[in-house]
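Structure assessment
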Amino acid sequence: MLSKNEIIRWLKEKDAQRLEALWLQADRIREQYVGNTVYFRGIIEISNYCARYCKYCGINAGNKTLKRYRLSMDEILTVAQTIERLDYGTVVLQAGEDPALSGEWITELIKRIKNESDLAVTLSLGERTPEELEAWRLAGADRYLLKFETADLRLFNEIHPLQNNGPWKNRLEILHFLKQIGYETGSGIMIGLPGQTYDELAEAILLFQELDLDMIGNGPFIPHPDTPLGKEYERMKNSDQQAPNDALTTCKVNALTRLVCPTVNIPSTTALATIDRQQGRENGLLRGANVIMPDFTPLPYRQWYEIYPGRLQAYKPPEEQHALLLKMLHKIGRTMGRGKGVSLNYLKKRD
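Here is a short report on the structure shown in this document. Fair warning: this is a prediction, and the values are worked out from it, not measured in the lab.

What counts, and at which threshold
- Residues numbered from 1 in each chain as written.
- Predicted model: local features only at pLDDT ≥ 70, side-chain atom pairs only at ≥ 80, totals over all residues.
- Heavy atoms only, no water.
- Helix = DSSP H or I, 4+ residues; strand = E, 2+ residues; numbered from the N terminus.
- Expected span 1.5 Å × (residues − 1).
- Buried < 20%, exposed > 50% of the residue type's maximum accessible area, 1.4 Å probe, protein only.
- Arc of directions from axis to C-beta.
- Contact = heavy atoms within 4.5 Å.
- Axes fitted to C-alpha atoms, helices over the stretch in contact; angles between N-to-C directions.
- Left-handed = near helix turned anticlockwise from the far one by under 90°.
- Salt bridge = Lys/Arg side-chain N within 4 Å of Asp/Glu carboxyl O.
- Phe/Tyr/Trp six-rings, centres within 6.5 Å; stacked < 30°, edge-to-face > 60°.
- Core = buried A, V, L, I, M, F, W, Y, C linked by side-chain atoms within 4.5 Å.
- Disulfide = S-S within 2.5 Å.
- Polar contact = N/O pair within 3.5 Å; in protein donor to acceptor, adjacent residues only side chain to side chain.
- 1 Å grid on protein atoms, 1.4 Å probe; cavity = no way out; pocket = protein on both sides within 12 Å on 5 of 7 lines; lining within 4 Å.
- Points joined across faces, edges and corners; volume = space filled by probe spheres on them.
- Nonpolar A, V, L, I, M, F, W, Y, C, P; charged D, E, K, R; others polar.

Attention now goes to helix H13 (residues 318-331). Relative to the 20 Å expected for 14 residues at 1.5 Å per residue, H13 spans 20 Å between its end C-alpha atoms, a close match to the ideal helical length. For H13, the full list of buried residues reads Pro318, Gln321, His322, Leu325, Met328 and Leu329. Buried residues of H13, viewed axially, fall in a sector of 125°; they line one side. Among the exposed residues of H13, those pointing more than 90 degrees away from its buried face are Lys327, His330 and Lys331. Close packing links the buried residues of H13 with strand S1 (37-47), helix H3 (73-85), helix H12 (280-286), strand S9 (291-292) and strand S10 (335-336). Glycine 333 lies just past H13 and shows a positive phi near 75°.

This part is about the packing of H3 against helix H4 (residues 103-116). For the pair H3 and H4, interaxial distance at closest approach is 11 Å and the crossing angle is 35°. Of the two elements, H3 crosses H4, and the hand of that crossing is right-handed. Of the residues in H4, those in contact with Met73, Asp74, Ile76, Leu77 and Glu84 of H3 are Trp105, Glu108, Leu109, Arg112, Ile113 and Glu116.

Within the secondary structure, threonine 65 is located in the loop between S1 and H3. What makes threonine 65 exposed here is its relative accessible area of 64%. Distance from threonine 65 to leucine 272, taken between C-alpha atoms, is 26 Å for residues 207 residues apart in sequence.

Next up on the list: the environment of asparagine 36. Inspection of the secondary structure puts asparagine 36 in the loop between helix H2 (16-34) and S1. The exposure class of asparagine 36 is partly exposed, given its relative accessible area of 33%. With 301 residues separating them in the primary sequence, asparagine 36 and glycine 337 have C-alpha atoms 8.6 Å apart. Excluding residues within four positions of it along the chain, asparagine 36 makes contact with Arg30, Glu31, Arg334 and Thr335.

On inspection of all chains with the given rule, the structure shows 23 salt bridges. Notably, a salt bridge pairs aspartate 199 with lysine 4, separated by 2.9 Å at the nearest N-O pair. Residue aspartate 199 is found in helix H8 (residues 198-211), and its partner lysine 4 is found in helix H1 (residues 4-12); the two are separated by 195 residues along the sequence. Assessed through its relative accessible area of 37%, aspartate 199 is described here as partly exposed. For lysine 4, a relative accessible area of 25% gives the class partly exposed. The closest approach of N and O atoms between glutamate 320 and lysine 316, which form a salt bridge, is 3.3 Å.

This part takes up the packing of aromatic side chains. Applying the stated rule across the entire model yields eight aromatic pairs. Where tyrosine 88 meets phenylalanine 296, the ring centres are 5.2 Å apart and the plane angle is 80°; that geometry is what we call edge-to-face. Highlighted residues: tyrosine 88 in the loop between H3 and strand S2 (90-95) and phenylalanine 296 in the loop between S9 and H13, separated in sequence by 208 residues. The exposure class assigned to tyrosine 88 is buried, which follows from its relative accessible area of 4%.

The next subject is the nonpolar core. Counting residues in each nonpolar core, the largest one holds 98 residues, and the members touching the most others are Leu93, Leu123 and Trp136. Sorting elements by how many residues they give to this core places H8 first, with nine residues. Setting aside anything within four residues of it in sequence, one finds tryptophan 136 in contact with Gly103, Ile106, Thr107, Ile110, Leu123, Leu125, Arg128, Ala141, Tyr144 and Tyr183. Judged by nonpolar contacts, the second largest core, of five residues, contains Tyr39, Ile43, Val92 and Val291.

All chains considered together, the criterion is met by zero disulfides. In this model cysteine 261 remains outside any disulfide bridge; the closest cysteine sulfur is found in cysteine 251, 17 Å from its own.

A separate point is the side chain of glutamate 132. For glutamate 132, the location among the structural elements is in helix H5 (residues 130-139). A polar atom in the side chain of glutamate 132 sits 3.1 Å from the backbone nitrogen of threonine 129.

Here we take up the layout of surface pockets. Of the pockets and cavities examined, the largest pocket occupies roughly 370 Å³. Put simply, the parts of the chain that give the lining of the largest pocket at least two residues each are H12 and H13. Among the residues forming the lining of the largest pocket, the class breakdown is five nonpolar, four polar and seven charged.

The next point concerns empty space enclosed by the protein. Taken as a whole, this structure holds two cavities of 30 Å³ or more when the rule is applied. Space inside the largest cavity adds up to approximately 1,000 Å³. Considering the residues around the largest cavity, the lining is formed by 46 residues, among which Gln94, Lys147, Glu149, Tyr305 and Ile307 are closest to the centre. Counting only elements with at least two residues in the lining of the largest cavity, the list comes to S1, S2, strand S8 (219-220) and helix H11 (270-275). For the lining of the largest cavity, a count of residues per class yields 24 nonpolar, 12 polar and 10 charged. Elements with a minimum of two residues in the lining of the second largest cavity: S2, strand S4 (143-145) and strand S5 (184-187). Tallied by class, residues from the lining of the second largest cavity come to six nonpolar, five polar and four charged.

Below is the structure:
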């Protein structure tokens, strides 16, 4: 158990030799609890419409320059077939909070995927109603991913306009509900948000433990020039109290997350690989992570799901991405996991 002060000291640590000890410890704990296999999840970004005005996100409703799209059910099922053909055990259906993706339509989509494949289904569709979340679970959805982004409620409300317009008090309430109805539940944060401090990062890491999550995905804040927070970043980035949005700090957060939550699944995120194109994804796996989530959204739709600019492999077809990832795994002595890769943390609670 790490104290808050110990976590803050690690987050501020700059000595490469001392940090090497942190990386080794996180990697050792990862191997001890979740092994040397890396599970792949295929993401399909099914819509970039969104009713929200989140200040950091490039697909927010206020961005009038973005070309919008919404995939058909048949398009999604075709991609799911490719994901299964490449031996991935999970499809991740992700979208903005799109009102046109009705509860009934998503229910039918889940049923078809489960009837036509052996894939686990992860949903990342934002803040939906309790009735929808329950219906999707009954239809066969296995997991739900909803990031709380920051443990600072003031900062969360500042960057998420309209946050309280729905049936929920906050995202933590939703996460508790998701766990209650049987989802394998995931969350995470952005690292280096304007106004975010080291103290707040430490609070978030301890909150991961308190929430007893099954998957934790953390990535750096990447400023989007067409968003309010992208402009705010330029003013805040040199503050002494501001937590950096760099690859090093992201790896520290992931390593510390592994130490306090040893049995969870932790992805080495695309955002980390985007800000460190040479070694970001690899370093993530060497510093606590055990999951990779490549993008299978069909070209050219993929370029229009621009939550942040410059995403890695935005134009590479699935087979090419897959070959590069297998090559990288071989380089670091890891192997691709087979099957659905259910979180050990989730399984423990059901024994």
